[in-house]
Amino acid sequence: MTSDTIAQTETRQPKRPRPKLRPAQKVVATKTWLNTLALAIVALIFTFPFIWMFFSALKPESEVFSSKPSFIGSEVKWSNFVDAWTLVPFGRFIFNGFFVSILGALLSLIVAVLSAYAFSRLRFKYRDRIFLLYVLTLVLPQEVLVVPLFIMMNQLGLVDSYAALIIPFAFTAFGTFLLRQFFLTIPIEFEEAALIDGASRFRTLWSVLLPQLTAPLSVLAVFSFIGYYNSYLWPLIIINSQELATVPLGLSMFTGEHGTQWSLMMAASTLAIIPSLIIVAVLQRQLIKGVALGGFGGR
């Protein structure tokens, strides 16, 4: 048979009917569709403020709060992003935010890992009571801490410095509590085997325990980065010079004696959230894994 004959024979064959879904499969398919629709609606509700912020950044100043709200103004002003970048040294603010946030997140990870290992693996007197007092510091609001922290930074001569922005809030109990719960889920036999083989505690922590904590470490790193990056009250109190101002302080500079330049503030806010979006997108898998694991188990 020639190739043309074979092709004609294949085309003449009747198409197989699609298999009909069983009632149970129809129920599952309907639930999946409804769940997807519900998630799409919730996602739209949560992203709507960011969508509105972006389109407001493209409007003329006089139309941001117009009586007839609309996404698109009378003209699309991409120049608002350029003006927001040049009116104040916004590039410097983003650099300061990145520098403080990266170093702060790194220091927070180091402190949390060492303290969580001590509270979960080492045996010393009143360990659990000290840990309880340490965790209770989480109930103290930042507004209560800023005055004694400012006095301490002033006595150390660290006011208006990067160190004052980074050090005080790297020693919070949140990271310690989170990683301690994950440490408790790792069987103690792994560590005992490494110690029997002659590894030190630091080598055991670095080579045996930490490789199993990539997900919670990623979660803590992202939370710490965003916490430093979005902090406003403490930088407002401790920073006096514009050269050390962070992004939230830079955004407040669009408000002056003659009112707020809303279109420029929306443009600057859009630029400010890009780093956080990139970090969350890059570490999305680790974040989902860390949240799914929970970290609230124990032995």
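Since this is a predicted model, take the numbers as computed values, not measurements. (Residues numbered from 1 in each chain as written. Predicted model: local features only at pLDDT ≥ 70, side-chain atom pairs only at ≥ 80, totals over all residues. Heavy atoms only, no water.)

*Asks:* What am I meant to see in helix 6 (residues 142-155) here?
*Replies:* Along an α-helix, residues three or four apart share an orientation, since each turn contains 3.6 residues. For helix 6, which comprises 14 residues, the first-to-last C-alpha distance of 20 Å matches the rise-based estimate of 20 Å (1.5 Å per residue) to within 8%. P148 marks where helix 6 bends most, by close to 25°. Residues of helix 6 that are buried include every one of V146, L149 and M153, and no others. Looking at the packing, one finds that the buried side of helix 6 touches helix 7 (162-166) and helix 12 (233-238). G157 sits one or two residues past helix 6 and shows a positive phi near 70°. (Helix = DSSP H or I, 4+ residues; strand = E, 2+ residues; numbered from the N terminus. Expected span 1.5 Å × (residues − 1). Bend = angle between axes of the 7 residues up to and from the residue. Buried < 20%, exposed > 50% of the residue type's maximum accessible area, 1.4 Å probe, protein only. Contact = heavy atoms within 4.5 Å.)

*Asks:* Help me out: how do you make sense of the pattern of salt bridges in this one?
*Replies:* If the charged atoms of two oppositely charged side chains come close together, the side chains can form a pair. Inspection of every chain in the model, using the stated rule, returns three salt bridges. Across the salt bridge formed by E191 and R121, the nearest N and O atoms sit 2.7 Å from each other. Here R121 lies in helix 4 (residues 90-121) and E191 lies in helix 9 (residues 188-196), a separation of 70 residues in the sequence. For the pair shown, E191 and R121 are each scored as buried. (Salt bridge = Lys/Arg side-chain N within 4 Å of Asp/Glu carboxyl O.)

*Asks:* Help me understand the packing of aromatic side chains, please; the structure alone is not making it clear to me.
*Replies:* Think of a pair of aromatic rings as described by two things: how far the centres are apart, and how the planes are tilted against each other in angle. According to the stated counting rule, one finds 19 aromatic pairs in the structure shown. Note on F225 and Y229: the rings are 5.8 Å apart at their centroids and 10° apart in plane angle, and the pair reads as stacked. With F225 and Y229 both in helix 11 (residues 214-230) and four residues apart, this pair spans about one turn of that helix. Both residues of the pair, F225 and Y229, count as buried. Here the aromatic cluster, defined as three or more aromatic residues joined through ring pairs, consists of F119, F124, F131, Y134 and F177. If you follow K59 out to its NZ or CZ, it ends over the ring of W52, 4.5 Å from the centre. Geometry around F131 places R180 over its ring, the cationic atom sitting 4.2 Å from the centre. (Phe/Tyr/Trp six-rings, centres within 6.5 Å; stacked < 30°, edge-to-face > 60°. Lys NZ or Arg CZ within 6 Å of the ring centre and 35° of its normal.)

Nothing here speaks to function; it is all geometry.
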